[in-house]
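Residues per chain are reported as follows:
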Amino acid sequence: SDPSLAPLVREEAAERPLEGYTLLAATDPQTKERAYRLAHRAYCRCGHFSPGEAGGRYLLPHDQQPETLTLLVTNPSGDDVATATLVYDSPAGLPCEKIFKPELDGLRRNGRRLAEVARLALDATRPPPRALLVRLFNVLYIHARLVRNHTDLGVEVVPHHAGYYQRLLEFEHLGPPRKWHRG
């Protein structure tokens, strides 16, 4: 077995039930809109957006690509509580291209097929269990690796969250911290 394909679901997270949570593929305009608005609210709370900015939606240029996959999670009450988008490498690049282009180009030269988890957002007013985040990443990993045959799944995170992603999801640093530029 390939050691680089470490399982994403850890025992401590897998033991907690997630009854009543629903994972939706945002394939229709209404579900996509809900995901974009949830992400905008979450990024406003972190200070990345102003409440009235961008029409209340966090959009990526990659949303226009048909292979981009956006997921939305609802809690047992039907509230939108988490979203994440999986962007596949293309001639347009990845969302983190402006920041990590040299590192990404190095991976590409080595024959790696890249995908990025982008626009990850959780509703802090209704925080979902940690196991939900693990399962969300598990679905994204399965889609990238097993459905689309990509070799590497990346995520851009703020430095103080990096340890969490390393411990829980076994991500590795691609490069040193850099200033984030949206858009």
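Scroll up for the structure.
Summarised in this report is the structure supplied together with it. Given the structure is predicted, the values throughout are model-derived calculations rather than measurements. (Residues numbered from 1 in each chain as written. Predicted model: local features only at pLDDT ≥ 70, side-chain atom pairs only at ≥ 80, totals over all residues. Heavy atoms only, no water.)

## Some remarks on the overall build of the protein chain
1) Next: Secondary structure summary: the protein chain contains five helices and five strands in total.
2) Next: Along the chain direction, N to C, the helices and strands of the protein chain fall in the order α-β-α-β-β-α-β-α-β-α.
3) Next: Residues classed as buried in the protein chain amount to 41% of the 183 residues present.
4) Next: Taking the contacts inside the protein chain whose residues are at least 6 apart along the sequence as the reference set, 68% of them involve residues at least 24 apart.
5) Next: Accessible surface computed for the protein chain: about 10100 Å², of which carbon and sulfur atoms make up 54%. (Helix = DSSP H or I, 4+ residues; strand = E, 2+ residues; numbered from the N terminus. Buried < 20%, exposed > 50% of the residue type's maximum accessible area, 1.4 Å probe, protein only. Contact = heavy atoms within 4.5 Å. Areas by Shrake-Rupley, 256 points an atom, 1.4 Å probe, with all protein chains shown as cover.)

## Points about the pattern of salt bridges
1) Next: With the rule as written, the count across this model stands at 12 salt bridges.
2) Next: Linked by salt bridges that have partners in common, Asp 89, Glu 97, Lys 101, Asp 105 and Arg 108 make up one network. (Salt bridge = Lys/Arg side-chain N within 4 Å of Asp/Glu carboxyl O.)

## Focus on the side chain of Gln 65
1) Next: Its place among the elements puts Gln 65 in the loop between helix H2 (29-45) and strand E2 (69-74).
2) Next: On the basis of relative accessibility, which here comes to 15%, the residue Gln 65 falls in the buried class.
3) Next: Side chain to side chain, Gln 65 and Ser 90 meet in a polar contact 3.3 Å long.
4) Next: With sequence-adjacent residues up to four places away left out, Gln 65 is seen in contact with Val 87, Tyr 88, Ser 90 and Ala 92. (Polar contact = N/O pair within 3.5 Å; in protein donor to acceptor, adjacent residues only side chain to side chain.)

## A look at the environment of His 143
1) Next: Turning to its location among the elements, His 143 is positioned in helix H4 (residues 130-147).
2) Next: Taking the C-alpha atoms as reference points, His 143 and Leu 69, separated by 74 residues in sequence, lie 9.1 Å from one another.
3) Next: Beyond its immediate sequence surroundings of up to four residues, His 143 is in contact with Leu 69, Leu 86, Tyr 88 and Arg 148.

## Some points on the packing of aromatic side chains
1) Next: A full pass over the atoms with the stated rule returns seven aromatic pairs.
2) Next: Of the aromatic side chains, those joined through ring pairs into one cluster are Phe 137, Tyr 164, Tyr 165 and Phe 171.
3) Next: Lying over the aromatic face of Tyr 58, Arg 119 brings its terminal NZ or CZ to 6.0 Å of the ring centre.
4) Next: Here the guanidinium or amino end of Arg 148 rests over the ring plane of Tyr 88, the centre of that ring lying 4.2 Å away. (Phe/Tyr/Trp six-rings, centres within 6.5 Å; stacked < 30°, edge-to-face > 60°. Lys NZ or Arg CZ within 6 Å of the ring centre and 35° of its normal.)

## Details of the nonpolar core
For soluble globular proteins, nonpolar side chains are generally found buried alongside one another.
1) Next: By size, the foremost hydrophobic cluster in this structure holds 26 residues, and its most contacted members are Leu 86, Val 117, Leu 120, Phe 137, Leu 153 and Leu 169.
2) Next: Sorting the residues of this core by element identifies E2, strand E3 (80-88), strand E4 (114-122), H4 and helix H5 (162-169) as the ones contributing at least two each.
3) Next: Ranked by residues supplied to this core, first place goes to H4 with nine residues.
4) Next: Counting 16 residues, the second-largest nonpolar core is a separate cluster that includes Ala 39, Tyr 43, Leu 104 and Ala 121. (Core = buried A, V, L, I, M, F, W, Y, C linked by side-chain atoms within 4.5 Å.)

From the geometry alone we can't say anything about function, so treat these as descriptive.
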